[in-house]
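Close look at the chain arrangement
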Amino acid sequence: MRALLYAAPLQLVVTDLDVPVPADDEVLVRVAAAGVCGSEVEGFATQSPFRKPPLVMGHEFAGYRVDDDTLVTVNPLVACGACGNCRRGRTNICDNRSLLGIHRAGGFAEYVAVPRANVHALPAGVSPLRGAFVEPLANAVHAANLVADRLAPDARVGVIGAGMLGTAVLLVLRSRGLTGIHVADLAEQRLTTAVQAGAERTGPRLTGTFDVILDTVGTAGTRADSVALLHPGGATVWLGLHAAESDVDCRAMIREEKTMLGSFCYTDAEFAAAVPLVAGLDESWLELRDLADGVEVFSALMRGPAARIKTMLLPGGIR
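Residues numbered from 1 in each chain as written. Predicted model: local features only at pLDDT ≥ 70, side-chain atom pairs only at ≥ 80, totals over all residues. Heavy atoms only, no water.

1. Overview of the UniProt feature "domain: Alcohol dehydrogenase-like C-terminal" (unreviewed entry) in the protein chain
Rule in force here: UniProt positions are given in the numbering used here, feature names are shortened, and annotations may be inferred rather than shown by experiment. A run of H or I in DSSP becomes a helix once it reaches four residues, and a run of E becomes a strand once it reaches two; helices and strands are each numbered from the N terminus.
With numbering matched to this structure, UniProt assigns "domain: Alcohol dehydrogenase-like C-terminal" (unreviewed entry) to residues 165-279. From the first C-alpha to the last, residues 165-279 spans 16 Å; its make-up is 37% helix and 22% strand.

2. Examining the pairing of strand β8 (residues 111-115)
Spelled out, the test is: Only protein chains enter the accessibility calculation, which uses a 1.4 Å probe. A residue is then buried if its area is under 20% of the maximum for its type, exposed if over 50%, and partly exposed in between. Between any two strands, pairing holds if DSSP finds at least two bridges.
Most of β8 is tucked away, with four of its five residues classed as buried. Bridge analysis of strand β3 (residues 26-36) against β8 gives five bridges, and the strand direction is antiparallel. For Val-27, the partnering residue across the bridge sits in β8 and is Val-114.

3. What about the pattern of salt bridges?
We count it as follows: A carboxyl oxygen of Asp or Glu within 4 Å of a side-chain nitrogen of Lys or Arg is what we treat as a salt bridge.
For the structure shown, the criterion picks out 12 salt bridges. Close ionic contact of Arg-65 with Asp-67 constitutes a salt bridge, the shortest N to O distance being 2.7 Å. In this structure Arg-65 comes out as buried when scored by relative accessible area, which is 16%. Arg-308 is the salt-bridge partner of Glu-287, the closest N and O atoms lying 4.0 Å from each other. Separated by 21 residues along the polypeptide, Glu-287 in strand β16 (residues 286-290) and Arg-308 in the loop between α10 (294-303) and β17 (310-314) bring together distant segments of the chain. What makes Arg-308 partly exposed here is its relative accessible area of 36%.

4. Structural notes on the nonpolar core
Nonpolar side chains tend to gather and get buried jointly when the protein is soluble and globular. Here is the rule: Remark: nonpolar core denotes a set of buried residues (Ala, Val, Leu, Ile, Met, Phe, Trp, Tyr, Cys) joined through side-chain atoms within 4.5 Å. Pairs of residues are marked as contacts when any of their non-hydrogen atoms sit within 4.5 Å.
Counting residues in each nonpolar core, the largest one holds 57 residues, and the members touching the most others are Phe-133, Leu-137, Leu-151, Val-157, Leu-173, Val-183 and Leu-214. Of all the elements, helix α5 (residues 164-175) adds the most residues to this core, at eight residues. Apart from residues no more than four positions distant in its own chain, Val-183 is found in contact with Val-159, Gly-161, Ala-162, Leu-170, Leu-191, Ala-194, Ala-199, Arg-201, Thr-202, Gly-203 and Leu-206.

5. Looking at the side chain of Glu-40
The test is simple: Asp and Glu are treated as the negative residues and Lys and Arg as the positive ones, with His and the ends of the chain left uncounted. Polar contacts here mean pairs of N or O atoms no more than 3.5 Å apart (in protein, one a potential hydrogen donor and the other a potential acceptor; neighbouring residues in sequence count only if both atoms are side-chain atoms).
Take Glu-40: it is sitting in helix α1 (residues 38-45). At 4.9 Å, Arg-51 is the nearest oppositely charged side chain to Glu-40, a buried residue that forms no salt bridge. A polar atom in the side chain of Glu-40 sits 3.0 Å from the side chain of His-59. Discounting chain neighbours no more than four positions away, the residues touching Glu-40 are Gly-35, Arg-51, Met-57, Gly-58, His-59, Phe-108 and Phe-298.

Below is the structure:
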């Protein structure tokens, strides 16, 4: 089968690999669409220790079960089910978790073997492109759940970043009836997409103060803004992983009882809850590329973000 292989540090190749043989608790999926996540581009560019070559990356994907041809999306987070966090229902931070495309082969290939328990059938009429967007939406569902008690209809909510994750957060917030959402991004075309997705206000930076701010970028500056622009008693949710550093005024957090929450992945129930939300995705927001162009795609994204919010690799080619 054809695959985009992270073969060695700073080396990606399109190559032929053996079709995986699924274990007894797995199914084989013929991949139809796989999204390129910024974490993959950054992890490759910085030689992150979390992704060790040789590896087929790709954790946002949809395709067809080989055994019955059902169109499915796949939860890439594999939890052990036995640790303390799993027993408390917090499978997203399982002590022994592994992720498809990070710790084991993922979706940048024509076929991938996945745990049967992690497969979710897609509703009739949902395309593979939308199915591959379930994973980002699941991240947004989890982040919104962390501050669900603060998301009253009149809450003033800000979103930093209008890329894939920021747009997913915006779609989830809108699905919960929130209006007046302010989205910040430096790229004008991404802000246009944010308006199409339901943002009321946009700009290069959030202005005013907010009850809740969700930072999908994750730089020292955006994290500082996400705290500084909160009302007293407000909460910020950090999803972005761009940098390890932050410039947060911790004394102000104490004096004004502000809350900072980290948000990582999702439970399987939250992943399932994201499935029907992909109906709100406009496919014109996606950049479609053949899997054969994978090396070129990564090279371009390392130079800077694409104009569209998500690049999808299609193992079957563009038709």
